[in-house]
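The primary structure of each chain is shown beneath.
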Amino acid sequence: MADLSKEREFRIALQESIWDEEKLKNLLSLEKERRGVDQDKLVFIGMADVAGYYWCAMKSLLQNRKEELNFFGAYLHDRLLYSFRLGYINSLPKSEESLLKIGDEIGFRDIEKLLRQREEKHKDVGTVFVDSVSIVDKDGRGVRVINPALSHPEWREAIEREARALGERIADVEEFPALRGRFLHMEKAERYPTIRWNFDWKDYVVLGVPDGITDTFVYEFKTTKNRYLASYFVKPVAFAQADLYGYFWRRNRKRVQIRIVDGNITKTWEEEVDETNAIKTLEKFRSIDEGAKPIPPKKWKCKSCKFRDVCDISKPK
């Protein structure tokens, strides 16, 4: 295992080498050239966003296109950092071409080795409670969203004073429903070790980080407002996501949990990974990426979708 002080120095060098948008765009262009694909071809995609096909196929495609540069950055970061941790390199190469080749030698056994190291560190990790999150709203203003589960009035008042001092407005979690899921995820989800990695599938590089990976199963946790959404809309996405994780991480079973806010309950399923569903999901995504017309979602989904104004199948009023 790499020395911690040396790893810290390596991380700083890595940050300086790739985490600049223009550098990253140039590296992505070179990588596509290295792979022999057109520059406008979508290559780097995320498992969670691919599974989102079952929420809205068009949103799944648009989200993956929007995030491709970030997915590529994560791919590059992981290959370089893991190569250092595994002892394959001790410094970053100077040329961009050499930088892109680092990580080619990493195999699945290496990823399992790194996962086992994380498992040792993970043993004493308990429940995590996040009291608030600072974000920037669409107008560019700082916003502080307080965890609705925070019941201590003095604690809440202290957070509000801090937010006002920083010029942040206080917002209810219902204004940013995705954060409600994040709060619940940190507090209610079961805790297992995990690791982010990428896998080749057809012409794609598919990235993912399960909510948990054990020797026998992959774990996926989601939150939703009510039982109706859980059963008919969230469950198909969660199962597809878990099947993708199981397929790529070679686990036979999946454990899926959906936290339902109304009623304060958690539904749990544990069953065999459906590799057929994983492959079918990837094939369906690929078909719309190649030009097939996706089935429009329920109209109510379009109302709050961030892609509403650019989506070919939404019907803005």
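Since we're looking at a predicted model, the values are computed, not measured.

## Section: the overall build of the protein
If you tally the helices and strands in the protein, you get 11 helices and 10 strands. The C-alpha atoms of the protein give 21 Å as radius of gyration, which agrees with the globular expectation for 317 residues (20 Å, within 12%). Along the longest, intermediate and shortest principal axes, the C-alpha atoms of the protein span 55 × 50 × 40 Å. By residue count, 47% of the 317 residues in the protein fall in the buried class. Taking the intrachain contacts of the protein between residues at least 6 apart in sequence as the baseline, contacts between residues at least 24 apart amount to 66%. As presented, the protein carries roughly 17300 Å² of accessible surface, and 48% of it is formed by carbon and sulfur atoms. Averaging the positions of the 58 positive and the 54 negative side-chain charges in the protein gives two centres separated by 4 Å.

## Some thoughts on the packing of helix 9 (residues 227–249) against helix 10 (residues 275–289)
Between helix 9 and helix 10, whose axes approach to 8 Å, the crossing angle comes to 105°. Between helix 9 and helix 10, the interaxial angle falls into the category roughly perpendicular. Contact residues: helix 9 offers Phe239, Ala240, Asp243, Leu244, Tyr247 and Phe248, while helix 10 offers Glu275, Asn277, Ala278, Ile279, Thr281 and Leu282. Among the residues forming the contact of helix 9 with helix 10, the class breakdown is 8 nonpolar, 2 polar and 2 charged.

## Some remarks on the layout of surface pockets
Sizing a probe to match a water molecule and rolling it over the atoms shows the empty space that remains. Counted as a void, the largest pocket has a volume near 1900 Å³. For the largest pocket, the lining is made up of 46 residues, of which Asp49, Lys59, Ala178, Lys222 and Thr223 are closest to its centre. Looking at the lining of the largest pocket, the elements with two or more residues in it are helix 3 (47–51), helix 4 (57–85), helix 8 (177–188), strand 6 (204–208), strand 8 (217–224), helix 9 and helix 11 (299–302). Within the lining of the largest pocket, the residues separate by chemical class into 21 nonpolar, 12 polar and 13 charged.

## Regarding the nonpolar core
The biggest cluster of nonpolar side chains holds 58 residues, and the ones touching the most others in it are Phe44, Phe72, Leu76, Phe248 and Trp249. Sort the elements by how many residues they give to this core and helix 4 lands first, with 12 residues. Each residue touching Phe248, except ones within four places of it in the same chain, is listed here: Met47, Phe108, Phe199, Asp200, Trp201, Val206 and Leu282. In terms of nonpolar packing, the next biggest core, distinct from the first, is built from 9 residues, Ala238, Phe239, Ile258 and Ile260 among them.

## So, the sheet that holds strand 2 (residues 132–136)
Spatially, 2-3-4 is the arrangement adopted by the 3 strands of the open sheet, whose pairing is mixed. Two strands lie at the open edges of the sheet, namely strand 2 and strand 4 (169–171), each paired on one side alone. In this sheet, adjacent strand axes meet at a mean angle of 35° when their direction is disregarded. In terms of strand pairing, strand 2 meets strand 3 (residues 142–146) through 5 bridges, oriented antiparallel. Note on strand 3: the bridge partner recorded for Ser132 is Ile146. On top of the sheet, helix 7 (residues 153–165) reaches strand 2, strand 3 and strand 4; it is set at about 175° to strand 3, its chief contact.

Scoring rules and cut-offs
Residues numbered from 1 in each chain as written. Predicted model: local features only at pLDDT ≥ 70, side-chain atom pairs only at ≥ 80, totals over all residues. Heavy atoms only, no water. Helix = DSSP H or I, 4+ residues; strand = E, 2+ residues; numbered from the N terminus. Rg over C-alpha atoms; globule rule 2.2 N^0.38 Å. Buried < 20%, exposed > 50% of the residue type's maximum accessible area, 1.4 Å probe, protein only. Contact = heavy atoms within 4.5 Å. Areas by Shrake-Rupley, 256 points an atom, 1.4 Å probe, with all protein chains shown as cover. Lys, Arg positive; Asp, Glu negative; His and termini not counted. Charge placed at Lys NZ, Arg CZ, Asp CG, Glu CD. Axes fitted to C-alpha atoms, helices over the stretch in contact; angles between N-to-C directions. Parallel < 35°, antiparallel > 145°, perpendicular 65-115°, else oblique. Nonpolar A, V, L, I, M, F, W, Y, C, P; charged D, E, K, R; others polar. 1 Å grid on protein atoms, 1.4 Å probe; cavity = no way out; pocket = protein on both sides within 12 Å on 5 of 7 lines; lining within 4 Å. Points joined across faces, edges and corners; volume = space filled by probe spheres on them. Core = buried A, V, L, I, M, F, W, Y, C linked by side-chain atoms within 4.5 Å. Pairing = 2+ DSSP bridges.

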